Every structure is written in C-alpha cells, then in structure tokens.
Amino acid sequence: MSEPLSSKHIGDRLESEVIQVGRPLPRETIRATESGILANCSASHCNWQGLFPNSELAKQAVETHYDHALEDADSRTRAIHMGSRTYQLTALLDAETAQQLDTSNPGLGTPGWRSKDQTGSVREPVFPRTTGSVDELVGRGDVIERAPYHQNEIVKRVSQTRSAGLPTWTVVFVAHNRHELETLDDATVDDLHYINECIARDGKVYERYGEDPLNNPAFDVVGGAEHQAHLHAFATGGGRGAE
Ligand SMILES: [Zn+2]
C-alpha cells in the first residue's frame, strides 16, 4: 500500500492529478499549495493561471494557452494574445516563501543555469507569501500608523489583489492631513493613498517586496472608528468621534 500523497506538494503527485488551471485560480487553492510552479499569463486583461509540478510543464501550458487564445472565437481574446508571449513563473518554495523565475532563461529547470548577476548570485528574487488574510487584520474605519511617519491614517478600504499570481491585498487610506473631511465617503481620489502588495504574517501586515520585507510591518493598527465617523475628530485628537 502506498502512502497517501499530500496535495500540498504538487511536485509529489502524478501529473494528471496535479495540474490545475483557472481564470484565475481560487486564492484558497494557491494558499493551500506549499510547493509547485505557478504560471500567469501576462497579456493585458487575461487572468489565466496554472499550478504545475515543474517549470517545463508550466511553460508548455502557457504555450498551449496562447495557441488556444489565438484560435478563440472571441476577437478580443485573440487580440490581447497577439505579439510576444508574456508570462510569469513563480516557484512556490514552501508555505511561506516563493521565488520569481526568469522566464527568458532556457535553463529554467536547472538551478545551475539560472540567470546570475556579476557576483554569481541568482537574479531571481525570493519573497514572503501570505500566511493569513490581511482583511481579517485591518478594515474600513481602522486607524493605522505607518513607520516612519507616525501619523494616524484612516483606512477607507482593503481590497484583494495578486502579485506574481499570489494572493496579496491593497490597503487604501485617507491621509492624516485630509481628516477635515466629514466621512470616509467624502474622500476623493486625490485624498487616497495606497499600500500595495500587502501580506499577513502572525497578525501583522507587511509589504511583500523590498530588501527585507519582514523586517518592519507596513503599519500598526492603533484603533478603530465607526464607519461613518467624523474624520476631523482624529485631526483634533478627539479619538473615536462621538464616544
Ligand atoms: Zn492569456
């Protein structure tokens, strides 16, 4: 009798069982997969994604996706896939780490052939994956404090996004100097700021890019507010408005 194989490790499974393709794949599917290769079509407005046991299969699947798209009955699908075939490949290294692969390098599956810089380091950034949900940690009306500014900002919304195909979130806030606005709904595009590619780790929110992404949280949640709180109360140190 053989051991039951873990669905978390795509590389362990038979090819026919493990290839998952979607437009796009559910965030939960990606979150639950610890290892494998995630491929994304980069054609504008195309959300095609696939999870594969290795980068060769991922590349083949992208080629097949492009071949089919160029024969699609929908002329828009054909139009966005004309020209160069662009895609991203992301190696899921474990539940907490991923690596961007260089798709221009023919030695994709051979570590020794990977693209290198002059010092010999592999030029494919390793970055942290989310292990929680940012929208469970922060939401509309919360007061956040961003280092190094130490100003209280008020969150307008938290939206689900993707970066390199992996689940991320964008936190949109109204800057402290615009808190003379009556409510969050009065904030216009000019009042809003964006913290992109956010991930969750142990109850904190981080930006997934940069030199040492997990060194400092993107912000601390320092308070909550009623959804329709009068924002100017924060500007004058009034805290939670009508309390
Ligand atoms: Zn596509």
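The coordinates are above.
These numbers come from a predicted model, not from an experiment.

Concerning the overall build of the chain
- Helix and strand counts for the chain stand at five helices and 12 strands.
- Counting every position in the chain, which comprises 243 residues, the buried fraction comes to 30%.
- For the chain, the proportion of contacts with a sequence separation of at least 24, taken over those separated by at least 6, is 56%.

As for the sheet that holds strand S11 (residues 204-207)
- Ordered by their spatial adjacency, six strands build an open sheet running S11-S10-S9-S8-S7-S12, and the pairing between neighbours is antiparallel. The open sheet has two edge strands, S11 and strand S12 (220-223), and neither has a second partner. On average, each strand axis in the sheet is tilted by 50° relative to the strand beside it, whichever way the strands run.
- Bridging between strand S10 (residues 192-201) and S11 involves four bridges; their strand directions are antiparallel.

Notes on the sheet that holds strand S4 (residues 87-94)
- Strands sit in the order S1-S3-S2-S4-S5-S6 across an open sheet of six strands; the sheet is antiparallel. Two strands close off the open sheet at either side, each with one partner strand: strand S1 (20-22) and strand S6 (126-128). Each adjacent strand pair in this sheet contributes to an overall mean axis angle of 25°, direction not counted.
- Taken strand by strand, helix H3 (residues 55-69) contacts S1, strand S2 (36-41), strand S3 (49-52), S4 and strand S5 (97-101), and its axis lies near 20° from that of S2.

What about the environment of Val122?
- With respect to the element layout, Val122 can be found in the loop between S5 and S6.
- Assessed through the 15 C-beta atoms surrounding it within 10 Å, Val122 is described here as partly exposed.
- Along the backbone, Val122 and Asp102 are 20 residues apart, and their C-alpha atoms lie at a distance of 9.8 Å.
- Ignoring sequence-local partners within four residues, the contact set of Val122 consists of Arg114 and Lys116.

Describing H3
- Over its 15 residues, H3 runs 21 Å from end to end, which matches the ideal 21 Å to within 8%, given 1.5 Å per residue.
- Considered for burial, the residues of H3 that qualify are Ser55, Ala58, Lys59, Ala61, Val62, His65, Tyr66 and Ala69. The arc that holds every buried residue of H3, seen down its axis, measures 160°, which confines them to one face. Relative to its buried face, H3 has exposed residues pointing more than 90 degrees away, namely Glu56, Gln60, Glu63, Thr64, Asp67 and His68.

About the cut-offs
Per chain, residue numbering runs from 1 following the sequence as it is written. The model is predicted, so local features are restricted to residues of pLDDT at least 70 and side-chain atom pairs to those at 80 or more, both for listing and for counting; the totals for chains, interfaces and linings are taken over all residues. Strands are runs of DSSP state E lasting at least two residues, helices are runs of H or I lasting at least four, and both sets are numbered from the N terminus onward. The burial label depends on the number of other C-beta atoms within 10 Å of a residue's C-beta. Counts of 20 or more mean buried, 12 or fewer mean exposed, and intermediate counts mean partly exposed, with C-beta atoms placed from the backbone. Any pair of residues counts as being in contact when their C-beta atoms, constructed from backbone geometry, are within 7 Å of one another. Each pair of strands is called paired provided DSSP finds at least two bridges between the two strands. Structural elements are reduced to axes, namely lines fitted to C-alpha atoms, with helices fitted over the stretch in contact, and the angle between N-to-C directions of any two is expressed from 0 to 180 degrees. To estimate how far a helix should reach, multiply one less than its number of residues by 1.5 Å. The arc in question is formed by the directions pointing from the helix axis toward the C-beta atoms.

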